[in-house]
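What the coordinates show
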Amino acid sequence: MTALITPFRDGQIDAPALERIVELQIAGGTSALVPCGSTGESATLTHQEHVDLVRMVVKFARGRLPVIAGTGSNSTAEAISLTKAAKEAGADAALLISPYYNKPTQEGIYQHYRAIAEQARFPLIVYNIPGRTASKIEASTIARLAKLDNVIGLKEATGSLDEVQEVIRLCGDSFEVYSGDDALTLPMMAVGGTGVISVTSNLVPDRSAAVTRAALAGNWAEARRLHYDLLALNRALFVETNPIPIKAAMSMAGHCRDELRPPLLPMSDEARARLKVVMQQYGLLKS
């Protein structure tokens, strides 16, 4: 699944570029579209832009792929509101980051998701990324959440395979676990993960999808080959804070402008030069 970037033009959502990116994803074999996440710069979208963006992606997808909207917030009431709005806009499910800044207890985190699940009545994927939130969801809490109606999976971005294994051990096969780190997709799938919510697939959806397809089919030799083929690109796309490099890469490939919202800034010259070399190696630069 692709954590979509939000293309901007002169400070506004660039709808034509977004439609092209959606078509690129569908043609490349992506399984689902995930707008309004960290990669989509959701933190700087207004509430109206958030709803408009989900509605646009649903419209452009035209039922060909499910749409999983990022609707997380550090306010439980706001997360409920955003999730209900995404549901009304036509999304198929929601992805919710753990409550950031507040630093709730594990019980507070559990009650946060429970309230959203009960009030929105919508399929939810929990998103564990303590490096951004300072709010780590412990494996035991995830196991409790997995028992709730409408909580269907986890995007795991702690960077720890030990954490992933503990979650899968506690939750079993009925709860889907997706990698939140492109470079860890294959290792996570090897211990029972289901796939990835990917940044890299914005740019190369076909190559990213091929890794997960091979792993799900049990073709581990092919999956390893594809994984290592993508490794240099995965690394280059995270040399600075996501989504700065992927926005630059998508611009270099001709898909959109290299425009971000402050406080994010375009890539530094040194990092951009490194990314350009890698893009050239992969044949991804616009001719």
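Below is a short write-up of the structure.

Another point: the overall build of the chain. The helix and strand inventory of the chain stands at 12 helices and 10 strands. Since a compact globule built from 287 residues should have a radius of gyration of about 19 Å, the 18 Å found for the chain is in line with a globular shape. For the chain, the spread of C-alpha atoms along the principal axes amounts to about 50 × 45 × 35 Å. Within the chain, buried positions represent 53% of all 287 residues. Put simply, of all contacts in the chain between residues at least 6 apart along the chain, 70% involve residues at least 24 apart. For the chain, the exposed area adds up to about 12,400 Å²; of that, 50% sits on carbon and sulfur atoms.

This next bit is on the packing of aromatic side chains. What characterises a pair of aromatic rings is the spacing of the ring centres plus the angle enclosed by the ring planes. Counted according to the given criterion, the structure contains zero aromatic pairs. In this structure, R144 packs its charged tip against the face of Y110, placed 3.7 Å from the ring centre.

One ladder, built from four bridges, connects strand β8 (residues 151-156) with strand β9 (residues 176-179); its direction is parallel. Along β9, the bridge assignment pairs K155 with Y178. Read as a crossover between parallel neighbours, the route from β8 over helix α7 (residues 161-171) to β9 is right-handed. With two bridges joining them, β9 and strand β10 (residues 195-196) adopt parallel strand pairing. Note on β10: the bridge partner recorded for Y178 is G195. Note on the crossover from β9 through helix α8 (residues 185-190) to β10: the handedness is right-handed.

Let us look at the pattern of salt bridges. Under the definition given, this model contains 16 salt bridges. Residue R62 is joined to E23 by a salt bridge in which the shortest nitrogen-to-oxygen separation is 3.8 Å. Here the residue R62 occupies a position in the loop between α2 (47-61) and β5 (68-70), and E23 occupies one in helix α1 (residues 15-28), the gap between them amounting to 39 residues. Among the salt bridges present, the one from D52 reaches R55, with a minimum N-O distance of 3.5 Å. One end of the pair is D52 and the other is R55, both in helix α2 and three residues apart, which spans about a single turn. For R55, a relative accessible area of 42% puts it in the partly exposed group.

Moving on: the sheet that holds β5. With parallel pairing, six strands are arranged side by side in an open sheet as β5-β6-β7-β8-β9-β10. Looking at strand neighbours, the two that pair on one side only are β5 and β10, the edges of this open sheet. Each of β6 (93-97), β7 (124-128) and β8 touches helix α4 (residues 106-120); the most contacted strand, β7, lies at about 160° to it.

What counts and what doesn't
Residues numbered from 1 in each chain as written. Predicted model: local features only at pLDDT ≥ 70, side-chain atom pairs only at ≥ 80, totals over all residues. Heavy atoms only, no water. Helix = DSSP H or I, 4+ residues; strand = E, 2+ residues; numbered from the N terminus. Rg over C-alpha atoms; globule rule 2.2 N^0.38 Å. Buried < 20%, exposed > 50% of the residue type's maximum accessible area, 1.4 Å probe, protein only. Contact = heavy atoms within 4.5 Å. Areas by Shrake-Rupley, 256 points an atom, 1.4 Å probe, with all protein chains shown as cover. Phe/Tyr/Trp six-rings, centres within 6.5 Å; stacked < 30°, edge-to-face > 60°. Lys NZ or Arg CZ within 6 Å of the ring centre and 35° of its normal. Pairing = 2+ DSSP bridges. Right-handed = clockwise from strand over helix to strand, strands pointing away. Salt bridge = Lys/Arg side-chain N within 4 Å of Asp/Glu carboxyl O. Axes fitted to C-alpha atoms, helices over the stretch in contact; angles between N-to-C directions.

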